[in-house]
Amino acid sequence: MSTVTEFNLAEAVAVLTRTPATLDAMLRGLPNVWVRCNEGRDSWSAFDIVGHLIVGERTDWMPRLRIILENGEVRPFDPFDRFAQLRETEGKALERLLDEFARLRSESLAALRQLNLQPEDFLRRGKHPALGTVTLSELLATWTVHDLTHMHQLSRVMAYQYRDAVGPWSAYLGVLQCAGHSAP
């Protein structure tokens with residue numbers, strides 16, 4: 001099997017559609033040690049990750065897609081506040097966040113389908129405030145890999161809670177050796 005390198009909307013949507021249910025299955029009803037604890041310092045908990053995905057759903061992916069379609073490179077994307085969830089989720093229950101994320105993702109994917117994007121649309125360009133020129137297909141591929149990045153982060157932060165409890169088996173548990181791969 002070869003490495004997938006070319007963007008395919010149907011394949012991306014297949015992943016994007018599953019993220020809310022995956023998070024729900026992994027997190028709903030778990031004790032706080034699994035959902036509210038982090039890896040120390042300024043790291044995020046599972047709760048924070050879900051909040052971050054909600055903020056992205058509201059302010060990043062589809063708004064930026066619309067900017068590309070309506071303005072191209074003329075209007076740069078609005079900067080994304082990667083830490084907005086720390087303010088916006090305060091006092092909320094995880095179950096509420098999971099429900100909100102599922103609703104927002106469903107709305108985003110319905111709006112995406114309604115656009116009926118054609119192959120030539122994927123080449124349309126926008127302007128990222130830090131990265132410069134990007135294409136619509138790169139934005140959509142990034143949305144997909146962003147979900148997967150945070151699923152990886154989620155499993156890592158959860159595993160971290162038992163880093164000492166596993167004893168010598170930690171040598172065999174790659175998730176405990178991972179230092180993280182998200183941007184600072």
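Residues numbered from 1 in each chain as written. Predicted model: local features only at pLDDT ≥ 70, side-chain atom pairs only at ≥ 80, totals over all residues. Heavy atoms only, no water.

## Here's the deal with the pairing of strand β2 (residues 132-135)
Two elements, strand β1 (residues 125-128) and β2, share 4 bridges in a ladder whose sense is antiparallel. By the bridge assignment, G126 is partnered in β2 with V134. (Pairing = 2+ DSSP bridges. Helix = DSSP H or I, 4+ residues; strand = E, 2+ residues; numbered from the N terminus.)

## Re helix α4 (residues 61-71)
Among all positions in α4, only W61, M62, R64, L65, I67, I68 and L69 are buried. G72 sits one or two positions beyond α4 and adopts a positive phi of about 60°. (Buried < 20%, exposed > 50% of the residue type's maximum accessible area, 1.4 Å probe, protein only.)

## A word on the pattern of salt bridges
Taken as a whole and assessed by the stated rule, the structure comprises 13 salt bridges. The salt bridge involving D99 is made with R28; its shortest N-O contact spans 2.6 Å. Here the residue D99 occupies a position in helix α6 (residues 94-115), and R28 occupies one in the loop between α1 (9-27) and α2 (32-35), the gap between them amounting to 71 residues. A residue is classified by how much of its surface remains accessible, and R28, at 33% relative accessible area, is partly exposed. The partner of E107 in a salt bridge is R103, and the shortest N-O contact between them spans 3.1 Å. Of the two residues, E107 and R103 both sit in helix α6, 4 residues apart, roughly one turn of that helix. With a relative accessible area of 43%, R103 lands in the partly exposed category. Look at the salt bridges and you will find they share partners, linking D24, R28 and D99 into a network. (Salt bridge = Lys/Arg side-chain N within 4 Å of Asp/Glu carboxyl O.)

## Looking at the confidence of the model for the chain
Averaged over every residue, the pLDDT of the chain is 93; the share at 70 or more is 96%. The weakest mean pLDDT in the chain belongs to helix α5 (residues 85-88) at 84; the strongest belongs to α6 at 98. (pLDDT = per-residue confidence, 0-100.)

## Focus on the environment of R125
Take R125: it is sitting in strand β1. In this structure, the C-alpha to C-alpha distance between R125 and S137, residues 12 residues apart in sequence, is 9.0 Å. For R125, the side chain forms a polar contact with the side chain of E73, separated by 3.1 Å. (Polar contact = N/O pair within 3.5 Å; in protein donor to acceptor, adjacent residues only side chain to side chain.)

## Some points on α6
Compared with an ideal rise of 1.5 Å per residue, which puts 22 residues at 32 Å, α6 spans 32 Å between its outermost C-alpha atoms and is within 8% of the ideal. For α6, the full list of buried residues reads L94, L97, L98, E100, F101, L104, R105, S108, L109, A111 and L112. The arc enclosing the buried residues of α6, seen along the axis, measures out at 160°, which places them on a common side. Turned more than 90 degrees from where α6 packs its buried face, R96, R113 and Q114 sit exposed. Along its buried surface, α6 packs onto α1, α2, α3 (46-59), α4 and α7 (136-160). Following α6 by one or two positions, N116 has its phi on the positive side, about 50°. (Expected span 1.5 Å × (residues − 1). Arc of directions from axis to C-beta. Contact = heavy atoms within 4.5 Å.)

## Section: the packing of aromatic side chains
Scanning the entire structure with this criterion turns up 3 aromatic pairs. Measuring from centroid to centroid gives 5.4 Å for F7 and F122, while their planes differ by 70°, and the two rings are edge-to-face. Linking F7 in the segment before α1 with F122 in the loop between α6 and β1, this pair joins segments that are 115 residues apart in sequence. Accessibility expressed as a relative area gives 22% for F7, which makes it partly exposed. (Phe/Tyr/Trp six-rings, centres within 6.5 Å; stacked < 30°, edge-to-face > 60°.)

## Overview of the packing of α1 against α6
It is at 9 Å that the axes of α1 and α6 come closest, and there the two elements cross at 170°. Put simply, α1 runs roughly antiparallel to α6. As for the relative orientation of α1 and α6, their crossing is left-handed in sense. Contacts between α1 and α6 involve L9, V13, L16, T17, T19, P20, L23, D24 and L27 from the first element and L94, L98, F101, A102, R105, L109, L112 and R113 from the second. Tallied by class, the residues present in the contact of α1 with α6 amount to 12 nonpolar, 2 polar and 3 charged. (Axes fitted to C-alpha atoms, helices over the stretch in contact; angles between N-to-C directions. Parallel < 35°, antiparallel > 145°, perpendicular 65-115°, else oblique. Left-handed = near helix turned anticlockwise from the far one by under 90°. Nonpolar A, V, L, I, M, F, W, Y, C, P; charged D, E, K, R; others polar.)

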